[in-house]
Structure formats: structure tokens, C-alpha cells
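Now for the letters of each chain:
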Amino acid sequence: VEVITPGTAIEDDFLEHGANNYLMSVCVLEGRCCIAYMDVSTGEFRAHASDEKENASEWFRSELFRIAPREILVQQSLLEQPSIGQAVRECAAVVQAHPDWMFDIAHAADVLQRHFGVASLRGFGFDRNDPEIAAAGVLLEYAEDMLRQPCIHIRSLLRHDDGAYVSLDEATRKNLELVRNLTDATRRDTLLAVLDLTRTAGGARLMRRWMLQPLRKKAAIESRLEGVSFFYHHQLEMAETRKLLGSVLDMERLLSRLAMNKAHAKDLKALGNSLEASLSLFAYLKDCNAAGSGIRMLSDDLREEIASVAALLARAILDEPSILLNEGNMIRNGYNPELDRLRALHQDTQGVLERYLEEEKNNTGIQNLRIRYNRVIGYYLEVTRGKLDQVPEHFIRRQSLVGGERYTTEKLAELEHQIESAQDRIIELERKLFLAIREEVQRSLASMTECAALVAEIDCLASLAQAATANGYVRPSIVEEPILDIQNGRHPVVEQCMPYGAFVPNTLSLGADAAWFALITGPNMAGKSTVLRQTALIVLMAHMGSYVPAESATIGLVDKIFCRVGAQDNLARGESTFLVEMHETAFILNTASSRSLVIMDEVGRGTGTLDGVAIAWAVTEYLLENIRCRTLFATHYHELTGIEHPGLRNMRMAVIEREGMISFPKRLESGISSGSYGIHVARLAGLPQEVIAQAAALEHRLRSLERGLAVIHSAANEASNEPSRSDSRHAMAKNEEKHTERSLSLFSQEDLVIARLKGIDPLKTTPLEAIQILSELAAMLKQ
């Protein structure tokens, strides 16, 4: 008996093929947020805790989005907290509240040490007093309680090392649409859909982890790139490798069912076939000299052990075995002599009886001796009256008839018993043999687990090479310096949705010595968001060890990637759109470092114009002066172009105006955009012509006011000998004054009268209505 929960399910019917099925526990101890997570179906088990200096709730939200558990065990008191408790309630996982006293560090350490059979957890990288031990202990106890048996396939507790991976917060993972799109939360039109061309279930799960956990260390990144490069430059070998991978089933989950004695005969057969395919794969790669190309291979000792297991399963298990232990039909002929004899007895009953009959005929000389069957007395030997004097002493009389006698013998009785009990004995013997085989295979669980991990890794490397081949990617150059140089970069997802060659590539160069802050202006629909996102995705792909969509790319290592593009309200948290935007902006400014990559789009747009300009200006200055990290900052606030700083570079999305028509070539170039062209976009969107005409008139009036104010300010500056835009704050003050005067003068009575006249259709206006309108307009002008 077992209890099936979303986080402890191990059957394929309850599991997603390409994603881990995580069970997670969370608690707060010693001021730190502690989590542990486990995939019972694969044996993965990890734990870690937030840093004391980190924002615990933001850290937890990021981990919750990365892990995406199906079930969460949560410290009961946390559900009452507005931060972590709110995040738990918002997630889609089943939540199980546990009393606070269950999260006891000492008890959890004892549970873990007893399970792993160790005297200390230091071999796993943990001290006995680490608070995350409590979360791990509760998790292991819960899993074993639900499964009603020890989880022997969980062989180690690993620490998730945040320092080994690039940090991606919740908003960044969502905005970049790495594994789920923003439209319908499916895998369609995501980076994972483009790069995940894996052939195995284990490879698909590993690819997802690689994407959500990009590497931070150069050596680790280069090692992956070497593996991808081998397959990229050896196309025939890559094709053969992917063909061999297609024969490998989900070994990780097969091994988990094996460890928990849930594996039936078909599982063992599938495991044996997968092991044979894996051995063929490693043998082929060894012949191709792939071992020195960043591809990890199986050691000779492990290969021999796995070959022995595969041979055992091939010799013992039928090709199409039964999945039930009480049906037989699991073990091959030739594996066990006794089983072969019973099967022969069961399948060739008539032949066995005839051979015995011939033996008795030869011994007795009674040539008309017959074996008959009766439901009452069973099998018997029939002798006619004329041959009764030849009946031997070992014949036992059973019944007399008019024409003869019926006899039996001890051997015939034994054969009858064997024939009648053969099927039951076959089923029982097959069950014992199968359990013995399964127990024998379990002894090599660790070796097979390592084999499965290596196969998944090879699958991911070949998948990235296949994606690079199909989409025209290049190997990035990874450097330690904080620079970013992308020549003719492309968006890996958007270009898939367009005809071949239709996507317009763009070049971007940022660096510590040159400008590290790109202020990008330009109209809507010109492609700003695409350029921003593609830059972040190219950097992320380089850090996960993938080739990138560009002509060439030099990527300086980053420690964090932030992507604040767009925002939605969160009614569950009581947060408006603007508040969500400010939360995300605050998180970036509080946690980014000089090694980070920051992507920001339209900061400050959710409030009034003056407030928005002020906030965007201040955020820009803070990034320039305090953090000094590589930044792409897109805005419609052209006032920001007045900021002068050696680290800032003004860039714009190109616009082509010709004969009153405007087109957007989607090209990024140096310079400042002349406008946002919002009215043009509104016309393309289909706004009523009256609205477009009124907006155009107001825009014309606004530009006239701006030119007049510019002349006034120029004269004032000359009179006071004050240099124009001597510093950013003076420019900000002038822009605020300009906006104030503009706001006071924008809606004058003349403007309103003209707008009202333009909206009148004389053919649809009655004389009485015309007189009323004329009276109203005259009154407005008199004011």
C-alpha cells in the first residue's frame, strides 16, 4: 500500500516526459530561508539556503520559479507571513502544511545520516548544524512515509551552489520566455522549444536545467562548448550519435522504479535495451576519439559492469514479457533448466504421456496398451482381457470393466500431478527467478545511474550542436572582462517565426573602457524590445554552453541577468502595474553588481509624465554612477538623452520617412530618435480617423510650443552666460520647466475649438444642432 501524491508519483502516467517532478520543502530558520527539493522519480536530492544578506522572499520566489515543484511541504507559520506565504499560495503546487516543530535540525541530521549510512554529512558538503538540513530531513521522511519503503535510489544530498550559476530572478525568467511563453504559458515560442532537440527524456530534463541555471565559471562553459563544437564540426558523427540516442528510454525513472521494487519485467527489458544502446553509444564515441573533446565517457570498469547487467537481462527476460508477477511469461527459455522442464511438460503433455506409454509397452510386451483420461480417476492404463496375464506387479488396479481392466502406476500418478500443477509451478518459479534477477540488477544501481547521467549530457550537447547547425549559430568567445560585443545578433525565437532571411540582425558593443550603458530611443514597433531580449538571450545561451545566433560574439562573464520588460498588475498581492514595475526596478538596483547584465524597458511609464521622467532619470544615473554594469535601457522619454556621462551611449531604432510615409527597418544605430511616432502606430492600429486628426493637431501645437520655449531658454542662457546642459541635473531642471509650461498651454481654448470643428460632419448635422454648436464655440472663444 502506498499513498500517491503529485510530488511522490513514480509511474509514467502521472509524470511529464521532459520535466522533473519535484517535491519541495521550505522553512525559515536562523533568519534564513531554507529549501530542499527531490525528484523521487529520478533520485535527485538537493538543499540550500538563502544568504543572510539576501532578500529572503525575492530569493524564494526566484527558486520557486526555477524548481517549479508539484508539491510543497511548508512550515506552517510561513503561511501566515505576507511574503513567502503569499508566494506559496500563488504557485500551482499542492501545499502541505507541517508543524514548525517537525523542522528540527538535529532530528533531520539523524534521519539523513541513517539513510545514507554515514557518520557525518560533511562528505556531502553540509555541517550538522546547517539550517537547510531541517528541510531536507522533513522531505526525506515524507517521501518514505508516502512510498512505504526506503528510497534507496536517493544516494546523496547535494548542495545547490548559487555561486556556480548565473542568477536569474523570477521576472527575468518570465520576461525572456525561457520555458513558458507569456501568452498561454506553454512551451511554444520559447527558447527551450528552439534549443531542446534532445532524443531522450533524461536529456530533455537536463536541457531545461541547463537553461534555468546558466554556468558562471569560464572553465565549465568552455568544457560544454568543446563538446558542442565536436558534434558541430563532425556532422556524420552527430547524426549517428542522435540515432543511437533514439534507442535509449528513460533510464533515470526506470532505475528509480527498480530501486523501489516497482519495476516489472517490461521495465527490466526496457532498461536492458537502453543499457545496450548506451554501450553502443560510448563505443562509437570512443572510436570517434570524442573523449578529448569535452565529452565525458564511461570508465572501463563501469562499462564492464553495465555490459554484464545488460547481458543478464538479455539472457533472462522475454522480448514481450508480462507486467504481472502472477501470470508468468517473463523468463526466456534456456535460462533455467527446471523452468524449461516444466514448460515442456505443460506445453507437450501428450508427448510426455506417449513416451511413457512406449516405455511401458516395451517393458511389458503389451502392444495394445493405452493411456486414457477420466475426470473421476484421472489418467489410467487400459489393458484388454486377453492381455491380463502380462500385467506386471507395479501396475495398480483402479477399475474393472467388461472388456478389460484399468490400472495406474506410481510414475503415471507422478506425471499426472506434474502435469496438473505445471502451470502453477511455472508461475511461481518465474516469480522467484524474476525477483532474484531484479535484486541482482539492483546491485549495479550506482553504475547505471552514472551511465544515465552521461547519456543525458551527451544528448544535450548533440542537441545544442543540432540547433546551431539548423539555425546558423556561431561559437561565442567567453572572456573575463566585462564587455559585450555582438555582431549581427538575432533573436533565436523570433527568427523562427519569420521567413528565412527576413529577420534583421543588429550589432551591439558595450564595455568597461567604452560606453557600458546604451540608452535606446525609438518609436513603437521599431524593434526595441526585440533587441533588448535578444541581447539577454544571447548572453544566457553563451553561459549555458550553447552556440549563439550572431555573426560573431564576445561575451564577458556575468553573475546576474536582469530583464525588466513590461509589467502586469498582481491583484492577488494587491499590487498595481506601476508598483510591480517599481518592485522589479528596486530589486535590480539593490542586487545588481558591476558584473551584471541589466535590460530595462520603459521604466517609469506607469505614472504621470513628470514623475515617470524623474524616476527614469534617477534610475539611469544610479546605474551609471553606482553600479556601472552593462545596461540596455530603452525609453520613450527623450529627455534622458540630455544626460551626459562617459559611460552612456545614445542609440536609436532607425526610422525611414519618405513622402509622408514611415517605415521601420528594425535596425539599431547610434544617435537619438527624433520622435516616438505614436500617432503613426495608432493609425496602423485602426483608431478612428477623427481621433487621429485631433491627435495630430495637438501634436503640431505641442511642437510649436516646444520650439518657442527652446528659443526663450536659449536667450536666457546667453544672457546669464550659463552653458547649456552643463550637467545632467541642470538639463533635468530645464526639461521639467519645459514640461510644466507645455502642460499649461497644451489645451488652450483655440485648440479645443479647432479640434471640435474638425470632428463635425456637416452632412450629418441638423440646422438646430449647428446653431447650438456655434453658440458653444463662441462662448468658448469669449473665455
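Each remark here, short or long, concerns the structure printed above.
Residues numbered from 1 in each chain as written. Predicted model: local features only at pLDDT ≥ 70, side-chain atom pairs only at ≥ 80, totals over all residues. Heavy atoms only, no water.

> Teacher, can you tell me more about the overall build of the protein here?
A count of helical and extended segments in the protein gives 24 helices and 23 strands. Here the protein has a C-alpha radius of gyration of 39 Å; the compact-globule value for 783 residues is 28 Å, and the former is much larger. Across its three principal directions, the C-alpha atoms of the protein cover 150 × 75 × 60 Å. The buried share among the 783 residues of the protein stands at 51%. Nonlocal contacts in the protein, meaning residues at least 24 apart in sequence, comprise 70% of its contacts between residues at least 6 apart. On the protein, roughly 36,300 Å² of surface is accessible, and the fraction owed to carbon and sulfur atoms is 50%. Taking the 85 positively charged and 107 negatively charged side chains of the protein as two groups, their mean positions are separated by 3 Å. (Helix = DSSP H or I, 4+ residues; strand = E, 2+ residues; numbered from the N terminus. Rg over C-alpha atoms; globule rule 2.2 N^0.38 Å. Buried < 20%, exposed > 50% of the residue type's maximum accessible area, 1.4 Å probe, protein only. Contact = heavy atoms within 4.5 Å. Areas by Shrake-Rupley, 256 points an atom, 1.4 Å probe, with all protein chains shown as cover. Lys, Arg positive; Asp, Glu negative; His and termini not counted. Charge placed at Lys NZ, Arg CZ, Asp CG, Glu CD.)

> For this particular structure, what's the right way to read the sheet that holds strand S16 (residues 552–556)?
Pairing within the open sheet is mixed, and its four strands lie in the order S12-S16-S13-S14. For this open sheet the edge positions go to strand S12 (477–479) and strand S14 (506–510), each flanked by a neighbour on one side alone. Across the sheet, the mean angle separating the axes of adjacent strands is 15° when strand polarity is ignored. Sheet analysis places strand S13 (residues 484–489) next to S14, joined by four bridges and oriented antiparallel. Directly across from Gly489, in S14, lies its bridge partner Asn506. Taken strand by strand, helix H17 (residues 528–543) contacts S12, S13, S14 and S16, and its axis lies near 115° from that of S13. (Pairing = 2+ DSSP bridges. Axes fitted to C-alpha atoms, helices over the stretch in contact; angles between N-to-C directions.)

> In this structure, what is going on with the nonpolar core? I would like to understand it.
Ranked by size, the top nonpolar core spans 117 residues in total, and within it Leu178, Leu195 and Phe231 carry the most contacts. At 15 residues, the largest contribution of residues to this core is made by helix H16 (residues 445–471). Those residues in contact with Leu195 that lie beyond four places of it in its chain are Met207, Met211, Ser463, Leu464, Ala467, Tyr473, Met541, Met544 and Ser546. Counting residues in each nonpolar core, the second largest holds 37 residues, with Ala109, Leu147, Cys151 and Ile154 among its members. (Core = buried A, V, L, I, M, F, W, Y, C linked by side-chain atoms within 4.5 Å.)

> Looking at this model, I keep getting lost on the environment of Val74. Mind explaining?
Mapped onto the secondary structure, Val74 falls in strand S4 (residues 71–75). Along the primary structure Val74 and Met24 are separated by 50 residues, whereas in three dimensions their C-alpha atoms are 8.4 Å apart. If sequence neighbours within four positions are ignored, Val74 has contacts with Val26, Leu79, Val88, Val95, Gln96, Ala97, His98 and Phe103.

> In this structure, what is going on with a negative patch on the surface? I would like to understand it.
Taken together, the side chains of Glu30, Asp51, Glu52, Glu54, Asp161 and Asp162 present a region of like negative charge at the surface. Mapped onto the elements of the fold, Glu54 is located in the loop between strand S3 (44–49) and helix H1 (56–67). With a relative accessible area of 37%, Glu54 lands in the partly exposed category. (Patch = residues over 30% accessible without salt bridge, like charges linked within 9 Å, V, L, I, M, F, W, Y side chains within 5 Å. Salt bridge = Lys/Arg side-chain N within 4 Å of Asp/Glu carboxyl O.)

> Sorry if this is basic, but what is going on with the pairing of strand S20 (residues 648–653) here?
The two faces of the sheet receive side chains in turn, since in a regular strand these alternate between them. Strand direction decides the pairing type here: strand S15 (residues 517–521) and S20, joined by five bridges, are parallel. Pairing of Ile520 across the sheet is with Met651, part of S20. Here S20 runs beside strand S23 (residues 668–670); their pairing, made up of three bridges, is antiparallel. By the bridge assignment, Met653 is partnered in S23 with Leu668.

> Would you take a moment to explain the packing of aromatic side chains for this structure?
To describe a pair of aromatic rings, you give the distance between the ring centres and the angle between the ring planes. A full pass over the atoms with the stated rule returns eight aromatic pairs. When the ring of Phe562 is compared with that of Phe587, the centres are 6.0 Å apart and the planes differ by 70°; the resulting orientation is edge-to-face. Note that Phe562 is positioned in strand S17 (residues 560–565) and Phe587 in helix H18 (residues 577–591), a separation of 25 residues in sequence. Here Phe562 and Phe587 have matching classes, each one buried. Over the ring of Trp210 we find Arg224, and its NZ or CZ is 3.8 Å from the ring centre. (Phe/Tyr/Trp six-rings, centres within 6.5 Å; stacked < 30°, edge-to-face > 60°. Lys NZ or Arg CZ within 6 Å of the ring centre and 35° of its normal.)

> Would you mind going over the packing of helix H13 (residues 337–347) against helix H15 (residues 410–442) with me for this structure?
To characterise two packed helices, one gives the angle between the axes of the helices and the distance between these axes. One way to put it is that H13 packs onto H15 with a least axis distance of 9 Å and a crossing angle of 145°. Considering how the two elements wind past one another, H13 and H15 form a crossing that is left-handed. From H13, Glu338, Leu339, Arg341, Leu342, Arg343, Leu345 and His346 reach across to H15, where they touch Gln418, Ile419, Ala422, Gln423, Arg425, Ile426, Leu429, Glu430 and Leu433. Class assignment for the residues of the contact of H13 with H15 results in eight nonpolar, three polar and five charged. (Left-handed = near helix turned anticlockwise from the far one by under 90°. Nonpolar A, V, L, I, M, F, W, Y, C, P; charged D, E, K, R; others polar.)

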